[in-house]
Amino acid sequence: MRIAVTYENGNIFQHFGRTSQFKLYDIEDNKIVKSEVVGTDGEGHGALAGILSANSVDVLICGGIGGGAQAALAGAGIKLFGGVTGKCDKAVEAYLKGELSFNPDVKCDHHDHEHGEEGHECGDHGCGKHGCNH
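Predicted model only: the values in this text are computed from it and were never measured. (Residues numbered from 1 in each chain as written. Predicted model: local features only at pLDDT ≥ 70, side-chain atom pairs only at ≥ 80, totals over all residues. Heavy atoms only, no water.)

Student: Whenever I open this one, the confidence of the model for the chain confuses me. Can you help?
Tutor: Detailed conclusions should not be drawn from predicted coordinates in areas where pLDDT is low. Mean pLDDT over the chain stands at 82; residues scoring 70 or higher make up 78%. Ignoring residues within four places in sequence, the model shows residues 110-134, a span with pLDDT below 50, making 49 contacts including any to other chains. (pLDDT = per-residue confidence, 0-100. Contact = heavy atoms within 4.5 Å.)

Rendered as structure tokens:
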């Protein structure tokens, strides 16, 4: 099994469509046997599901994620655990124990708005122009 986590400095990056890296974990006998950080080569939103599929990912753990990306992941057969925060390694360990706390209804609804915020992330930023339900 292979698990991917949106990655930034050891933490779960909170906007799937803007992640520049994934941390990939190879799992055997319910244990992490290998992990590596891979870049997305500047690809975003729709192309990211293809990158995960090409890397044989079975499960994605992330923060905020839009409906289009959720549909692309489902179409690729990748199981989604969205609305997760904190350290990547701890989230994967919790997943393996069956204890991962996630929001099954996570969604971002701001993709059509102008922010003027470079590097904008979903989360507790309080810009007031949209909402991420996680």
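After that view, the rundown keeps rolling.
Student: Quick question: what am I supposed to make of the environment of K34 here?
Tutor: By secondary structure assignment, the location of K34 is in strand 4 (residues 31-39). In this structure K34 comes out as partly exposed when scored by relative accessible area, which is 44%. For K34 and L24, which are 10 residues apart along the polypeptide, the C-alpha to C-alpha distance reads 8.2 Å. If we skip the residues at most four places from it in the chain, K34 touches L24, Y25 and D26. (Helix = DSSP H or I, 4+ residues; strand = E, 2+ residues; numbered from the N terminus. Buried < 20%, exposed > 50% of the residue type's maximum accessible area, 1.4 Å probe, protein only.)

Student: Hey, could you run me through the pairing of strand 3 (residues 21-28) in this one?
Tutor: Look at any regular strand and the pattern is simple: side chains alternate between the two faces of the sheet. Strand 3 sits mainly inside the fold: 6 of its 8 residues count as buried. Pairing geometry for strand 1 (residues 2-8) and strand 3, over 5 bridges, is antiparallel. Along strand 3, the bridge assignment pairs R2 with D26. Taken together, the 8 bridges between strand 3 and strand 4 define a ladder with antiparallel strand orientation. (Pairing = 2+ DSSP bridges.)

Student: What is the right way to look at the packing of aromatic side chains in this model?
Tutor: How two aromatic rings sit relative to each other is given by the distance of their centres and the angle of their planes. Applying the stated criterion across every chain yields a total of 3 aromatic pairs. Seen in terms of ring centroids, F16 and F22 are 6.2 Å apart; in terms of plane orientation they differ by 50 degrees. Their pairing is tilted. Both residues of the pair, F16 and F22, count as buried. Ring centres 5.1 Å apart and planes at 75 degrees place the aromatic pair F81 and Y95 in the edge-to-face group. Residue F81 is found in strand 6 (residues 79-81), and its partner Y95 is found in helix 3 (residues 88-96); the two are separated by 14 residues along the sequence. The pair F81 / Y95 is uniform in exposure class, with both members buried. Put simply, the rings of F81, Y95 and F102 pair up and form one aromatic cluster. (Phe/Tyr/Trp six-rings, centres within 6.5 Å; stacked < 30°, edge-to-face > 60°.)

Student: Sorry if this is basic, but what is going on with the side chain of R2 here?
Tutor: Structurally, R2 is set in strand 1. When sequence neighbours within four positions are dropped, the list of residues in contact with R2 reads L24, Y25, D26, E36, N55, S56, V57, D58 and V59.

Student: Looking at this structure, how should I read the side chain of K23?
Tutor: Tracing the backbone shows K23 in strand 3. Polar contacts involving the side chain of K23 include one to the side chain of D89, which spans 2.9 Å. Ignoring anything within four residues of it in the chain, the contact list for K23 reads I3, A4, V5, Y7, S35, E36, V37 and D89. (Polar contact = N/O pair within 3.5 Å; in protein donor to acceptor, adjacent residues only side chain to side chain.)

Student: So what exactly am I meant to see when it comes to the pairing of strand 1 here?
Tutor: Among the 7 residues of strand 1, 6 are classified as buried, and the element is accordingly described as predominantly covered. Alignment of strand 1 against strand 5 (residues 59-61), held across 3 bridges, turns out to be parallel. Bridging from a neighbouring strand, A4 pairs with L60 of strand 5. Two elements, strand 1 and strand 2 (residues 11-12), share 2 bridges in a ladder whose sense is antiparallel.

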